[in-house]
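# Breakdown of the fold
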Amino acid sequence: MSSSDIFIGETIGTAVLILLGGGVCAAVTLKRSKAQNAGWLAITFGWGFAVLTGAYLAGGVSGAHLNPAVTIGLAIEGGTKWSDVPLYLGSQLLGAMIGAVLVWLTYYGQFRAHLTDPEIVGAHSGEDGMVDQSAAPEAGPVLGVFSTGPEIRHAVQNLATEIIATVVLVLAILTQGLNNEGNGLGTLGALVTALVVVGIGLSLGGPTGYAINPVRDLGPRIVHALLPLPNKGGSDWGYAWIPVVGPLVGGAIAGGLYNVAFA
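Residues numbered from 1 in each chain as written. Predicted model: local features only at pLDDT ≥ 70, side-chain atom pairs only at ≥ 80, totals over all residues. Heavy atoms only, no water.

### Some remarks on the pattern of salt bridges
Spelled out, the test is: By definition, a salt bridge exists where a carboxyl oxygen of Asp or Glu is found within 4 Å of a side-chain nitrogen of Lys or Arg. Starting at the N terminus, helices and strands are each numbered in turn, a helix being any DSSP run of H or I of at least four residues and a strand any DSSP run of E of at least two.
Throughout the structure, instances matching the rule amount to three salt bridges. Between Asp117 and Lys31 there is a salt bridge whose closest N-O contact spans 3.9 Å. Of the two residues, Asp117 sits in the loop between helix 5 (108–115) and helix 6 (118–122) while Lys31 sits in the loop between helix 1 (3–29) and helix 2 (40–62), which places them 86 residues apart along the sequence. Between Asp217 and Arg221 there is a salt bridge, with its nearest N and O atoms 2.7 Å apart. With Asp217 and Arg221 both in helix 10 (residues 214–226), this residue pair falls four residues apart, about one helical turn.

What follows is the structure, given as C-alpha cells:
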C-alpha cells in the first residue's frame, strides 16, 4: 500500500476510534449527558464498538493498525515493513488528536456545564475556587474523558498491567484465523478484535483503564493540555509515560511470542 493510503487510513481510522471511544467516556462522565453514570460496561462496550468502526473504515486502506503497539507487533512478526512504521505512528498520533478535538466539539456544552458546576470544581479546587493545576496533577475533573489513569498509583504494577493487556490484544490480532493455509479472517477480523478489546476492558481494565494503545492516551492527553477548558486541572504528565511505554513493550513481546510459538 502507498504512503498516502497509510496516512489517510490510519489518520481517519484512529480519529474515529478516539471520537467514539472518548465519546463514550464523555457521555458517562459529564453532567447534562443522557448517559451520565452509565458505568464501566458502557465504557468497555463503547470502546469495543469504537475499534470495530475504526477498523472497518480503515481496513481496506491501510490495514487498520490504529495502534502503535499493533504496528510494532506486526513489524516484528514481518507483516509490516519497518520503513513504514514511522508513517503509521505519526498518522495514528495525528488521528488521535483530531478525534479528541471532535469529542470536545461534540460535548462542548456538557464540558462547560461540568467544569462550572460547584460540586465538580469544588472537589478539585484551591482556596480561590479554581482548580489548582499543581495541587491536583493526577486527575483533573475531565482528564478521564481524554486519557487513562490508575486506580492505585504504583508504577511497576501499572506498567505490568498495560504490558500484559497489550500482549493479549496484539497476540490475538496476530493469530486471527491462523490455519494451515495461513489465511486470516479478512474483514471479520475487525469484529474479533473489537470483542477482544471488550474482553480486555472487562477483565484487565480495572487497574489502569486499559490504554493498550500509546496514541489513544498520548494524543488526547496533549489535546487536554491545549484545549481552553476552564477548571480542567492538570494533565498528569508524570503518569503519561506508562500508557505509552507499556503498550509498546507489550506489542513487541507479542510479536516475538508469535514468531517463537506460531510462525
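There is more to say, and it comes next.
### A short note on helix 2
Using the following cut-off: A helix is expected to span 1.5 Å multiplied by its residue count minus one. Fitting axes to the seven residues that end at a residue and to the seven that start at it, the angle between those axes gives the bend at that residue. Each residue gets one of three labels from its accessible area relative to the maximum for its type: buried under 20%, exposed over 50%, partly exposed in between, using a 1.4 Å probe on protein chains only. Only heavy atoms enter the contact rule, under which two residues are in contact if any of them lie within 4.5 Å.
Given a rise of 1.5 Å per residue, 23 residues ought to cover 33 Å, and the 31 Å separating the end C-alpha atoms of helix 2 matches this to within 8%. Of all bends in helix 2, the biggest is about 35 degrees, found at Tyr56. Along helix 2, the residues classified as buried are Ile43, Thr44, Gly46, Trp47, Gly48, Ala50, Val51, Leu52, Gly54, Ala55, Ala58 and Ser62. Buried residues in helix 2 make contact with helix 1, helix 4 (85–106), helix 9 (188–204) and helix 10. Positive backbone phi, at 90 degrees, marks Gly63, one or two positions downstream of helix 2.

### Quick word on the packing of aromatic side chains
To keep it simple, the criterion reads: Any pair of Phe, Tyr and Trp rings, taking the six-membered ring for Trp, is counted once the centres come within 6.5 Å. Such a pair is stacked with planes under 30 degrees apart, edge-to-face with planes over 60 apart, and tilted for the rest.
This model, assessed by the stated rule, comprises five aromatic pairs. Consider the rings of Phe45 and Phe49, whose centres lie 6.4 Å apart with planes at 45 degrees: the pair is tilted. Of this pair, Phe45 and Phe49 are both found in helix 2, four residues apart, which corresponds to roughly one turn of the helix. Judged by relative accessible area, Phe45 falls into the partly exposed class, the value being 36%.

### A short note on a nonpolar patch on the surface
Stated formally: Within the patch definition used here, like charges are joined within 9 Å and nonpolar side chains (Val, Leu, Ile, Met, Phe, Trp, Tyr) within 5 Å, considering only residues with over 30% relative accessible area and no salt bridge. For the accessible areas, the method is Shrake-Rupley and the probe is 1.4 Å, while residue cover comes only from the protein chains on display.
A cluster of nonpolar side chains, namely Phe7, Ile8, Ile12, Leu57, Leu94, Ile98, Leu102 and Leu105, defines an oily patch on the protein surface of about 670 Å² accessible area. Of all the elements in the fold, those that place two or more residues in the nonpolar patch are helix 1 and helix 4. Per-element tally for the nonpolar patch: the top contributor is helix 4, with four residues. Among the secondary structure elements, Ile8 is positioned in helix 1.

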